[in-house]
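This is what each chain is made of:
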Amino acid sequence: MHVQHETLFDRHRGNPLLTAADWPYPINTVFNAGATLLADGSTLLLCRVEDRRGHSHLSAARSRNGVDGWLVDPQPTLVPDIGNHPEEIWGIEDPRITFVPELKKYAIMYTSYSRGGPGVSLAFTEDFHKFERFGVIMTPEDKDAALFPHRVGGNWALIHRPVTTFGAHIWISYSPDLRHWGSHKMILQARRGAWWDANKIGLSPPLIETPKGWLMIYHGVRHTPSGCLYRLGLALFDLHTPEKCVLRGDKWVFGPEAPYEREGDVGNVVFPCGYTVAPDGDTVHLYYGAADTCIALATGSIRHLLDWLQRHGQPSAVNLA
Ligand code: BMA
């Protein structure tokens, strides 16, 4: 008997939702979009758009139902501002959006591709038309960052993924004012050897706040003789002490299978940067870049994800030794 693996995310039958053909101006590819619900209940994707130079900018696409009828901004929405921000010289990539009720603004953490490598930049917006840039908040090499929606123990908090000679692991940092960051702590470590998440992991979309804790969907990168494999795993962090990993699953839960995930500019990549939660408070719409070429949607249930972690997860301690 062949026992199937549990399916935690269902691909939308309309996938891919957005491709270069949907763009009002010539582009190479569109992928890795941040996502949020707007005040009127519609969905906004802030898409990473790569031009034919190889540089990326961000463009907004809006839809009533988050599935179809996308209206893409006629011009790029947020473009590198090289004059004021030389760190954006080779483009801006992979945005993660967090609505911050205290500020009544959306925070956007994105990768600024500088001569020194990728760093983490922060910008705020109220409407996705005008943006206020805070510049680089984590120096290269660092990426895969997202802000928490509210303060934790009085301080702002952010997840990010600095790269050191010791590997690419997930860290948390705190700030009193969103500009000065410290109290850095590694919170989730890449495994070693044959594991699907060996050597290099990173936050995928922003954390999902649940009564059980902060639910993290993270990517693991497996280097194979025919290239990298990007897959997703789950971890849960303590609600009040988010540096404490309460549960981590051993197995990946979503990986490249569909043709649009297998083939593209960078094949075998699923890379979500955003999600929205439906009015039922449980259904999560995960928007992901597929093969660095298009944007796709998979749907899951927060309850099922937590339930899976409860059954398959274990506490995971960081080992700095
Ligand atoms: C990562 C990021 C993502 C990209 C992925 C696969 O390092 O740069 O933007 O989707 O590689 O190429």
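Counting of residues starts from 1 at the beginning of each chain's written sequence and follows it residue by residue. Predicted model: local features are reported for residues with pLDDT of at least 70 only, side-chain atom pairs are reported and counted for 80 or more only, and whole-chain, interface and lining totals are derived from all residues.

(A) Layout of the site of the ligand. What makes a residue near a molecule or strand is its C-beta atom, placed from the backbone, lying within 6 Å of it. Neighbouring the ligand are Asn-32, Glu-93, Asp-94, Tyr-230, Val-266, Val-269, Phe-271, Gly-289 and Asp-292. Residues of the shell around the ligand, tallied by class, amount to four nonpolar, two polar and three charged. Nonpolar residues are Ala, Val, Leu, Ile, Met, Phe, Trp, Tyr, Cys and Pro. Charged residues are Asp, Glu, Lys and Arg, and all others, Gly as well, are polar.

(B) Expanded view of the confidence of the model for the chain. A score between 0 and 100, pLDDT records how confident the predictor is in each residue. Predicted confidence across the chain gives a mean pLDDT of 97, with 99% of residues reaching 70 or more. No element of the chain has a lower mean pLDDT than strand E23 (residues 313-314), which averages 94, and none a higher one than strand E3 (residues 43-50), which averages 99. Comment: elements are numbered from the N terminus, with helices defined as DSSP H or I runs of at least four residues and strands as E runs of at least two.

(C) Region of the structure containing the environment of Arg-192. Within the secondary structure, Arg-192 is located in the loop between strand E14 (182-188) and strand E15 (201-203). Arg-192 sits 25 residues away from Gly-167 along the chain, and the two C-alpha atoms are 9.9 Å apart.

(D) Examining unusual backbone geometry more closely. In this model, Asn-15 is joined to Pro-16 through a cis peptide bond whose omega is -10°. The omega torsion across Pro-140 and Glu-141 is 0°, close enough to zero to call that bond cis. Along the polypeptide, Glu-141 turns up in the loop between strand E9 (131-138) and strand E10 (142-147). A positive phi angle, close to 60°, is found at Phe-128, a residue other than glycine. Summarising the element assignment, Phe-128 is placed in the loop between strand E8 (117-125) and E9. Here a residue counts as buried when 20 or more other C-beta atoms fall within 10 Å of its C-beta, as exposed when 12 or fewer do, and as partly exposed in between; the C-beta atoms come from the backbone. Owing to 20 C-beta atoms within 10 Å, Phe-128 belongs among the buried residues under this scheme. The backbone of Asn-199 sits at a positive phi, close to 70°, despite the residue not being glycine. Following the sequence through the fold, Asn-199 ends up in the loop between E14 and E15.

(E) Structural detail: the environment of Tyr-288. Take Tyr-288: it is sitting in strand E21 (residues 283-290). Overall, Tyr-288 belongs to the buried group, with 32 C-beta atoms counted inside 10 Å. The spacing of Tyr-288 and Pro-272 is 16 residues in sequence and 3.6 Å in space, taken between C-alpha atoms. Here the contact rule is simple: place C-beta atoms from the backbone, and any two residues whose C-beta atoms are within 7 Å are in contact. For Tyr-288, the contacting residues outside a window of four places in its chain are Val-270, Phe-271, Pro-272, Ala-296 and Ala-298.

(F) Up close: the environment of Phe-99. Within the element layout of this structure, Phe-99 appears in strand E6 (residues 92-100). For the pair Phe-99 and Gly-167, spaced 68 residues apart in the sequence, the C-alpha separation amounts to 31 Å. Aside from chain neighbours lying at most four places away, what touches Phe-99 is Thr-36, Tyr-106 and Pro-149.

(G) Just the nonpolar core, in detail. The biggest cluster of nonpolar side chains holds 86 residues, and the ones touching the most others in it are Leu-46, Cys-47 and Ile-295. Examining the composition of this core, we find that six residues originate from one element, strand E18 (residues 227-237), more than from any other. The residues touching Ile-295, leaving out its near neighbours within four places in the chain, are Pro-16, Leu-17, Leu-18, Val-30, Phe-31, Ala-33, Leu-45, Cys-47, Tyr-287 and Gly-289. Any set of buried Ala, Val, Leu, Ile, Met, Phe, Trp, Tyr and Cys residues joined through C-beta atoms within 7 Å is what this text calls a nonpolar core.

(H) The arrangement of the sheet that holds E21 in detail. If you walk across this open sheet you meet the four strands as E1-E22-E21-E20, and the pairing is antiparallel. Only two strands of the sheet have a single partner each, and these edge strands are strand E1 (10-11) and strand E20 (270-277). What makes two strands pair is DSSP finding at least two bridges between them. As paired strands, E21 and strand E22 (residues 294-301) are joined by eight bridges and run antiparallel to one another. In the sheet register, Ala-290 faces E22, and the bridge partner there is Cys-294. Packed on one face of the sheet, helix H2 (residues 302-312) meets E21 and E22 and runs near 70° to E22. Orientation is described by lines fitted to C-alpha atoms, with helices fitted over the stretch in contact, and by angles between N-to-C directions that extend from 0 to 180 degrees.

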